[in-house]
Amino acid sequence: METLALLGGPPVRATLLPYARQSIDAADVAAVSAALTQDWITQGPNVARFEEALAAHAGATYAVAFANGTAALHAACWAAGLADGDDAITTPLTFEATANALVHQGARPIFADIDAATLNVDVDAVKRVATTRTRALVPVDFAGLPCSYAPLVSLARERGWIVIADAAHSLGGALGDRQVGSLADMTTFSFHPAKMITSGEGGAVLTDDARLNDRLRQMRHHGIRNIDATSPWRYEIDPPGFNYRLTDFQSALGASQLARIGTFWAARDRLARRYRERLADSPFVELPALPHGVRHGWHLFVVLLRLERLRTDQDTILHALRAENIGARVHYRLVYRQPYYRKRFGYDRGLCPIAESVEARLVTLPLFPAMTDDDQDDVLRALDKVFAHYAR
Ligand SMILES: Cc1ncc(COP(=O)(O)O)c(C=O)c1O
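A brief structural summary. Along each chain, residue indices are assigned from 1 in the same order as the chain's sequence is written. Reporting of local features is limited, given that this is a predicted model, to residues whose pLDDT is at least 70; pairs of side-chain atoms are given and counted only at 80 or more, and all residues count toward the totals for whole chains, interfaces and linings. Here the side-chain values reflect all heavy atoms present in the structure, with hydrogen atoms and water set aside.

### Details of the overall build of the protein chain
Here comes step 1: The helix count covers DSSP runs of H or I at least four residues long, the strand count covers runs of E at least two residues long, and both are numbered beginning at the N terminus. The number of helices and strands found in the protein chain is 13 helices and 15 strands.
Here comes step 2: Here the C-alpha radius of gyration of the protein chain, 22 Å, is about what a compact globule of 392 residues would show, namely 21 Å.
Here comes step 3: Taken across its 392 residues, the protein chain has 57% of its residues classed as buried.
Here comes step 4: When checking whether two residues touch, look at their non-hydrogen atoms; a contact exists if any pair is within 4.5 Å. Here the analysis covers contacts within the protein chain between residues at least 6 apart in sequence; of these, 71% occur between residues at least 24 apart.
Here comes step 5: Split by element, the accessible area of the protein chain, about 16300 Å² in all, is 52% carbon and sulfur.
Here comes step 6: We count Lys and Arg on the positive side and Asp and Glu on the negative side, and we leave His and both chain ends out. Where a charge lies is defined by one atom per residue type, namely NZ (Lys), CZ (Arg), CG (Asp) and CD (Glu). Side-chain charges in the protein chain split into 42 positive and 44 negative, and the spacing between the mean points of these groups amounts to 3 Å. In this treatment the radius of gyration is a C-alpha quantity, and the globule benchmark scales as 2.2 Å times the residue count to the 0.38 power. Categorising residues by exposure relies on relative accessible area from a 1.4 Å probe, with only protein chains included: less than 20% of the type maximum marks a residue as buried, more than 50% marks it as exposed, and the intermediate range marks it as partly exposed. Per-residue accessibility takes into account occlusion by the displayed protein chains alone, with areas from the Shrake-Rupley method and a 1.4 Å probe.

### Focus: the sheet that holds strand 6 (residues 174-175)
Here comes step 1: Here we have three strands laid out as an open sheet, ordered 7-6-13, and antiparallel in their pairing. The outermost strands of the open sheet, each flanked by one partner alone, are strand 7 (178-179) and strand 13 (294-295).
Here comes step 2: The sheet contact formed by strand 6 and strand 13 spans two bridges and is antiparallel. Among the inter-strand pairings, alanine 174 is bridged to a residue of strand 13, identified as arginine 295. At least two DSSP bridges between two strands are needed for those strands to be called paired.

### Some words on unusual backbone geometry
Here comes step 1: Note that the residue after aspartate 238, namely proline 239, is joined by a cis bond; omega there is 0°.
Here comes step 2: Tracing the chain through its elements places proline 239 in the loop between strand 11 (235-237) and helix 8 (248-258).
Here comes step 3: Residue tyrosine 332 is reached from histidine 331 by a cis peptide bond, and omega for that bond is 10°.
Here comes step 4: Even without being glycine, asparagine 325 reaches a positive phi, approximately 70°.
Here comes step 5: Mapped onto the secondary structure, asparagine 325 falls in the loop between helix 10 (314-323) and helix 11 (339-345).

### Structural notes on the pattern of salt bridges
Here comes step 1: Whenever a carboxyl oxygen of Asp or Glu lies within 4 Å of a side-chain nitrogen of Lys or Arg, that contact is scored as a salt bridge. Going through the model one piece at a time under the given rule, you end up with 22 salt bridges.
Here comes step 2: Close ionic contact of arginine 361 with glutamate 286 constitutes a salt bridge, the shortest N to O distance being 3.0 Å. Placement of the pair is arginine 361 in the loop between helix 12 (353-359) and strand 15 (362-365) and glutamate 286 in strand 12 (residues 285-286), with a sequence separation of 75 residues.
Here comes step 3: Classification of glutamate 286 as partly exposed rests on a relative accessible area of 32%.
Here comes step 4: In this structure, arginine 333 engages glutamate 359 in a salt bridge whose closest nitrogen and oxygen atoms are separated by 3.3 Å. Highlighted residues: arginine 333 in the loop between helix 10 and helix 11 and glutamate 359 in helix 12, separated in sequence by 26 residues.
Here comes step 5: Judged by relative accessible area, glutamate 359 falls into the buried class, the value being 14%.
Here comes step 6: Shared partners join several salt bridges into a network, and the residues in it are Arg270, Arg274, Arg278, Asp373 and Asp377.

### Overview of the side chain of histidine 296
Here comes step 1: On the secondary structure map, histidine 296 appears in the loop between strand 13 and strand 14 (301-305).
Here comes step 2: Polar contact is the term for a pair of N or O atoms within 3.5 Å; when the atoms are in protein, one must be able to donate a hydrogen and the other to accept it, and sequence-neighboring residues count only if both atoms are side-chain atoms. Among the polar contacts made by the side chain of histidine 296, one reaches the main-chain amide nitrogen of tryptophan 298 at a distance of 2.9 Å.

### Quick look at the pairing of strand 2 (residues 87-90)
Here comes step 1: Burial along strand 2 is two-sided: the face carrying Asp87 and Ile89 and the face carrying Ala88 and Thr90 are both buried.
Here comes step 2: Alignment of strand 2 against strand 3 (residues 108-111), held across four bridges, turns out to be parallel. Across the sheet, the residue bridging to aspartate 87 is arginine 108, located in strand 3.
Here comes step 3: As for the winding sense of the linkage, the β-α-β connection from strand 2 through helix 4 (residues 96-104) to strand 3 is right-handed. Seen with the strands pointing away from the viewer, any crossover whose path from the first strand over the helix to the second strand runs clockwise is right-handed.

### Things to note about the packing of helix 10 against helix 13 (residues 373-390)
Angle between the axes and distance between the axes: these two values describe a pair of packed helices.
Here comes step 1: To get an axis, a line is fitted to the C-alpha atoms, and for a helix only the part in contact is used. The angle between two axes follows their N-to-C directions and goes from 0 to 180 degrees. Axis separation between helix 10 and helix 13 bottoms out at 10 Å; the angle between their running directions is 135°. Our classification of the angle between helix 10 and helix 13 gives oblique. Crossing hand, helix 10 versus helix 13: right-handed. Side by side, helix 10 and helix 13 meet where Thr316, Ile317, Ala320 and Leu321 of the first sit next to Ala382, Leu383, Val386, Phe387 and Tyr390 of the second. Working definition: roughly parallel below 35 degrees, roughly antiparallel above 145 degrees, roughly perpendicular at 65 to 115 degrees, and oblique for all remaining angles. Here a crossing is taken to be left-handed if its near helix is turned anticlockwise relative to the far helix by less than a right angle, and right-handed if that turn runs clockwise.

Here is the structure:
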């Protein structure tokens, strides 16, 4: 048996393979350079161009660009009118930003357990945790797999809730012929470099609702509303918003990247399917479900450890992979287990039992468009090496 790098043996590869990496080409650089030579380097013509391209890509009427995905989420909560005393239901298996945005609007995040197969929020669990003060449902397309929106949206319609889809992971994904971005009242995206396309930092909210579109634009620009289109100096504010604007040169990068979303998605999809083929019979990992008719966005490639077959835990497996120069990560630590959420809302272990058992088994493997088959083979070799060492 090969000696693990963790125990002093040679690593599988000489340099770290990160879990994610942006792909920037000459066209991106040219687009940003051109934007920087214009008069308006913030809120210039590229912002509208990027917004139009996003809306067209997703089949939504409106897209509003934001400084980052967190700002987009916060703006969606603001535009939805969430306020003190409201409840909003979300998943515990997400980046903190999802729940933080609710808290920043004064709403209480309520966590519904996930489906064990897809790892997305479970509609029956949503029904179980609903309160009379619930105003919004905020599903997350975990790792890039679009949620099963039909039952979620129909439940929300029945109860009068607004649906804000956090699609930070799933740009390029689809349910049948409906693109992510057209499946909820508002859909938020992130363009962080680890995501499907990047604008450095960046985000957007998509909607078909003209009133929400106006509110989102107001919110990202301090809450300012023009009261006379021919006199830009006449405006009012009520209530105050934020400066959440995306710059023109970032928008130029975003639009240039969006033009290649098909290529990025195809590269991720090919690598993800290759991972799934190679790992399908592994006794040491389980793969999340890939339901028929769903186009996964493949932001992350996640496996679940079969801890009953291993003499160790998630932490040691992650350290062992890191030592082999494989940038494995965990997405995510459950939001309600964070000290703030425990203290402020009194959440405790046992709240979402499926999410808790999944959390202890999650490992994210590297996946990004420029990753080569050799890179991926290094990941698979490192997994074999580490699992052989810790097999029961
Ligand atoms: C599920 C989810 N929501 C929201 C965000 C926030 O996006 P950003 O990093 O662009 O603020 C992220 C980003 O990592 C995310 O993964």
